[in-house]
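# Structure assessment
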Amino acid sequence: MSDEPSLPDLPLGGDVTGPQVITGRQVRAVPRVGRAWRHRAQWAVRGVGPPTVAIGLPGSDDAVSQRHARAVIDLALRVGEAMLSTGASAADVVATVLRLVGAYGIRSAHVDITFTSITVSIHRGLDEDPLAVMRVIRVRTRDYTRLQNLQLLVDEIAQPQPGEDAPDPEVARDRLAAVLSAPHPYRRWLVTAGDAMLAVGVVALFGAGPMMWLIAAVTTVVVVAVQRRLTRAGVADFLNQAVSAAIPTMVAVVIFWTRSKGWEIPGVESPSLVVISGIILLLSGLSVMGAAQDAIDGYYVTASARGLEVLILTLGLAVGVATVLGIAWRLGIPMEISPFISVGGMPLQSTLAAAAIGAGFAWATYTGFRAVLLATAIAAGSWAVYELMILASLGPAEAVVVPAIVVGAVAYAAHRLLRVPELAMVMAGIVPLLPGMAVYRAIFLGMDNTVLLPQAAAEVVLAVSTGLGLAGGVWIGQYLARRRFGLDVAAQRARMRARGAPR
C-alpha cells in the first residue's frame with residue numbers, strides 16, 4: 001500500500017492544488033506560427049469571386065427542340081453571310097448573329113468566322129446532339145442599302161413591340177429573302193455616275209479645272225465598264241485591278257503624247273491627276289477599313305485574310321500603272337509626271353470637292369438618298385477637320401486621326417438616330433482621306449530601283465500609317481459614341497460575348 005493519500009479525480013478548470021489527471025482528448029497541439037501567418041496571407045490575396053473571364057463553363061439549351069434550333073441556325077447563318085458579303089466587320093457580324101439567336105431563346109450558340117466562311121454551332125446538352133452548320137461566302141459587293149435593311153430586320157426581331165414576341169423563324173426567313181431579293185435603289189448608269197462624281201471630286205481636290213473634271217469622269221466610266229465585263233468573264237481580281245489601273249494611266253500617256261506633237265489641250269495642266277483619281281477610285285473599293293477594324297477587334301484570322309487581299313489588289317494596281325509607264329518610256333514619249341502634287345485651290349473648293357467624293361462614293365454603293373445627303377455633309381466636315389490638323393503642323397498620317405474619330409462618332413450617332421447604314425457613313429467620310437497620293441508616289445518612285453527606292457519605301461510606310469490612323473480613329477469615335485448613346489441590353493450582351501467577356 002502506498003503511503004500517498006488517494007485523491008479524487010477532479011475536472012480540469014477547478015481550483016486544484018494537487019496532481020491532475022489529463023486525458024488524451026484534452027491535449028491540443030499548438031499550431032506553428034509560420035503556418036498561421038501563411039493562412040492569413042492566403043486569405044488576404046486569394047480571390048473570393050468567380051474568374052473575371054469565364055472559360056468553358058458548362059451550359060446548354062436542353063429545352064430547345066431540334067427543329068427550332070435548325071430553323072434559328074439557318075436564319076442566323078443567312079444573315080451573317082449577307083452581312084459579310086456586303087462589307088460588315090467580323091465583330092459586327094458575330095454580335096448581330098448572337099443577338100439574333102438570343103432573341104429566340106438560344107444562349108449556347110458559338111460563331112466562328114473566317115474570310116470565306118461562317119459557322120454557327122449550338123450545344124444542346126448531354127442528351128441531345130449538338131448542331132453546327134457552315135456557309136461559304138461566295139459574293140462580295142458594296143451594297144449598303146441591303147446592309148441597312150438587314151440591320152433593321154435584326155432590330156425588329158431582337159426588339160419586338162411591347163406585348164409581341166419575336167416572329168417565327170420561318171416568317172423571319174421569308175422577310176430576309178424579301179430583303180435580299182429586293183431590287184437596287186438605283187440603276188447601273190446612276191451607280192456609274194456616282195463613281196464619276198468621285199473621280200471629279202478627286203481632281204477638283206487638287207485644284208484642277210472643268211476640262212480635267214470631264215476627262216476624269218469619262219475615264220472612270222470606261223474603267224467601271226471594263227471592270228464589270230472582266231468580272232463577268234471570270235477574270236482574276238488581281239488582273240482586273242491591273243487592267244483597271246492601266247486605263248487612266250494610258251489616258252495620261254496619251255495627253256503627254258499630244259503635248260509632244262504640239263497639240264495642247266486647254267485646261268489640262270497636270271495629266272497625273274487622272275492617274276491619281278483612278279487610284280483613289282480603285283482603293284475605295286478595297287476592304288482597308290474592314291481589315292484594320294478586324295485586327296483591332298481581335299479577329300486576326302479574318303484581318304490577315306482581308307489584309308492580304310488588300311495587299312494583292314494594291315500590287316495589281318501598281319503593276320497596271322508601272323507597266324503602262326514603262327512602255328511609254330520605251331516608246332520615247334516625253335513624260336513629265338511629278339509624284340509631288342499637292343492639294344490645290346481655296347479651302348472652300350477643297351471642302352466642296354471632298355463633299356463630292358463622299359456623295360459619289362455613297363451614291364455608287366447603293367446608299368439611300370437621305371443617307372447620301374448625310375454622307376456628303378460628313379465628308380465635307382471630315383475634310384474641314386483635316387485641314388485644321390494640317391494647319392496645326394501635324395503630319396499626313398497624324399492629321400487623319402482626329403477627322404476619323406469625328407467620322408466614327410457621327411456615323412454611329414446617325415445610325416442610331418436616323419437609321420442610316422453606319423458603314424456607308426464611315427466610308428464616305430474617310431474616302432477623301434485615303435492615301436491615294438502616297439500610293440501613287442510609291443509606284444512612281446519605285447520604278448527607279450537605284451536612287452529613289454528608299455523614298456518609295458518611305459511612301460509605302462506613309463500609306464500604311466495613314467490607313468492605320470484612319471482605322472484606329474474610326475474605332476475610337478464609334479466606341480465613344482456607343483458609350484454616349486448606349487446599346488440595348490441584347491446588343492450589349494452580344495458584343496460582350498463576341499469579345500469573350502463574361503456574360
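Everything below is about the structure printed above this text.
Everything quoted here is computed from the prediction, not taken from an experiment.

### Some details on helix 3 (residues 90-103)
Between its first and last C-alpha, helix 3 extends 20 Å over 14 residues, near the 20 Å set by a 1.5 Å rise per residue. Residues Ala90, Ala91, Val93, Val94, Ala95, Thr96, Val97, Leu98, Arg99, Leu100, Val101 and Gly102 constitute the buried set of helix 3. Positioned one or two residues after helix 3, Gly105 has a phi angle of 80°, which is positive.

### Digging into the packing of helix 10 (residues 288-297) against helix 11 (residues 300-330)
Two elements in contact, helix 10 and helix 11, have axes whose closest approach is 8 Å; the angle formed by their N-to-C orientations is 155°. Relative to helix 11, the element helix 10 lies roughly antiparallel. The interaxial crossing formed by helix 10 with helix 11 has left-handed handedness. Touching Val288, Gly290, Ala291, Asp294 and Ala295 of helix 10 are Tyr300, Thr302, Ala303, Arg306, Gly307 and Val310, all from helix 11. Broken down by class, the residue content of the contact of helix 10 with helix 11 amounts to six nonpolar, three polar and two charged.

### Quick look at the packing of helix 9 (residues 272-284) against helix 17 (residues 436-446)
Pairs of packed helices are described in terms of their axes, by the angle between the two and the distance that separates them. At a minimum axis separation of 9 Å, helix 9 and helix 17 run at an interaxial angle of 115°. Where helix 9 crosses over helix 17, the two elements pack in a sense that is right-handed. For the pair helix 9 and helix 17, contact is made by Ser272, Val275, Ile276, Ile279, Ile280 and Leu283 and by Gly436, Met437, Val439, Tyr440 and Ile443, respectively. Of the residues contributing to the contact of helix 9 with helix 17, the split by class is nine nonpolar, two polar and no charged.

### A word on the sheet that holds strand 1 (residues 109-113)
The three strands are arranged 1-2-3 in an open sheet whose pairing can be described as antiparallel. Pairing within the sheet leaves two strands with one partner each, and these edge strands are strand 1 and strand 3 (131-136). Across the sheet, the mean angle from the axis of one strand to that of its neighbour is 15°, orientation sign disregarded. Summarising the sheet, strand 2 (residues 117-122) and strand 3 pair through six bridges and their orientation is antiparallel. Bridging from a neighbouring strand, Ser117 pairs with Val136 of strand 3. Together, strand 1 and strand 2 form the strand contacts of helix 3, whose direction differs from that of strand 1 by roughly 155°.

### Digging into the side chain of Thr220
Turning to its location among the elements, Thr220 is positioned in helix 7 (residues 210-232). On the basis of relative accessibility, which here comes to 4%, the residue Thr220 falls in the buried class. A polar atom in the side chain of Thr220 sits 2.8 Å from the backbone oxygen of Ala216. In this structure Thr220 touches Asp195, Ala196, Ala199 and Leu281, once residues within four positions along its chain are discounted.

### Quick notes on the packing of aromatic side chains
Enumeration over the complete set of coordinates arrives at four aromatic pairs. Between Tyr144 and Phe361 the ring centres are 6.3 Å apart and the planes differ by 45°, which places this aromatic pair in the tilted class. Separated by 217 residues along the polypeptide, Tyr144 in helix 4 (residues 144-158) and Phe361 in helix 12 (residues 347-364) bring together distant segments of the chain. Like Tyr144, the residue Phe361 is buried in the burial classification. Their ring planes at 5° and their centres at 5.5 Å tell us that Trp475 and Tyr479 sit as a pair that is stacked. Separated by four residues within a single helix, Trp475 and Tyr479 lie in helix 18 (residues 453-485), roughly one turn from each other.

### Overview of helix 6 (residues 188-205)
If you check helix 6, its first and last C-alpha atoms are 26 Å apart, about what 18 residues at 1.5 Å a residue would give, namely 26 Å. Residues Val191, Thr192, Gly194, Asp195, Ala196, Leu198, Ala199, Gly201, Val202, Val203, Ala204 and Leu205 constitute the buried set of helix 6. The inward-facing, buried residues of helix 6 contact helix 7, helix 9, helix 12 and helix 13 (369-391). Taken from the residues just after helix 6, Gly207 is the one with a positive phi, measuring 85°.

Reading guide: rules and limits
- Position labels on residues start from 1 in each chain and follow its written sequence.
- Residues qualify for local features only when their pLDDT is at least 70, as the model is predicted, and side-chain atom pairs are given and counted only at 80 or more; totals for whole chains, interfaces and linings, by contrast, use all residues.
- Processing note: side-chain calculations cover all non-hydrogen atoms of the structure and skip hydrogens and water entirely.
- Here a helix means four or more residues in a row that DSSP labels H or I, a strand means two or more in a row labelled E, and each is numbered from the N terminus.
- Take the residue count of a helix, subtract one, and multiply by 1.5 Å to get its expected span.
- Note on exposure labels: buried denotes an accessible area under 20% of the residue type's maximum, exposed denotes more than 50%, and partly exposed covers the range between, all computed with a 1.4 Å probe on protein chains only.
- Here an axis means a line fitted to C-alpha atoms, over the contact stretch when the element is a helix, while the angle between two N-to-C directions is reported on a 0 to 180 degree scale.
- Throughout this description, any angle smaller than 35 degrees is read as roughly parallel, any larger than 145 degrees as roughly antiparallel, any in the 65 to 115 degree range as roughly perpendicular, and the remainder as oblique.
- For any pair of crossing helices, the crossing counts as left-handed if the nearer helix is rotated counterclockwise from the farther one by less than a right angle, and right-handed if it is rotated clockwise.
- Contacts are residue-level and defined by heavy atoms, with any inter-residue pair within 4.5 Å sufficient.
- Under the grouping applied here, Gly and all other residues not named as nonpolar or charged are polar, the nonpolar ones being Ala, Val, Leu, Ile, Met, Phe, Trp, Tyr, Cys and Pro and the charged ones Asp, Glu, Lys and Arg.
- Pairing between strands is defined by DSSP: at least two bridges between the two strands are required.
- Counted as a polar contact is a pair of N or O atoms within 3.5 Å, where, for protein atoms, one must be capable of donating a hydrogen and the other of accepting one, and residues adjacent in sequence contribute only when both atoms are in side chains.
- Geometry of aromatic contacts follows a simple scheme: Phe, Tyr and Trp rings, the Trp one being its six-membered ring, pair when their centres are within 6.5 Å, and the pair is stacked under 30 degrees between planes, edge-to-face over 60, tilted otherwise.

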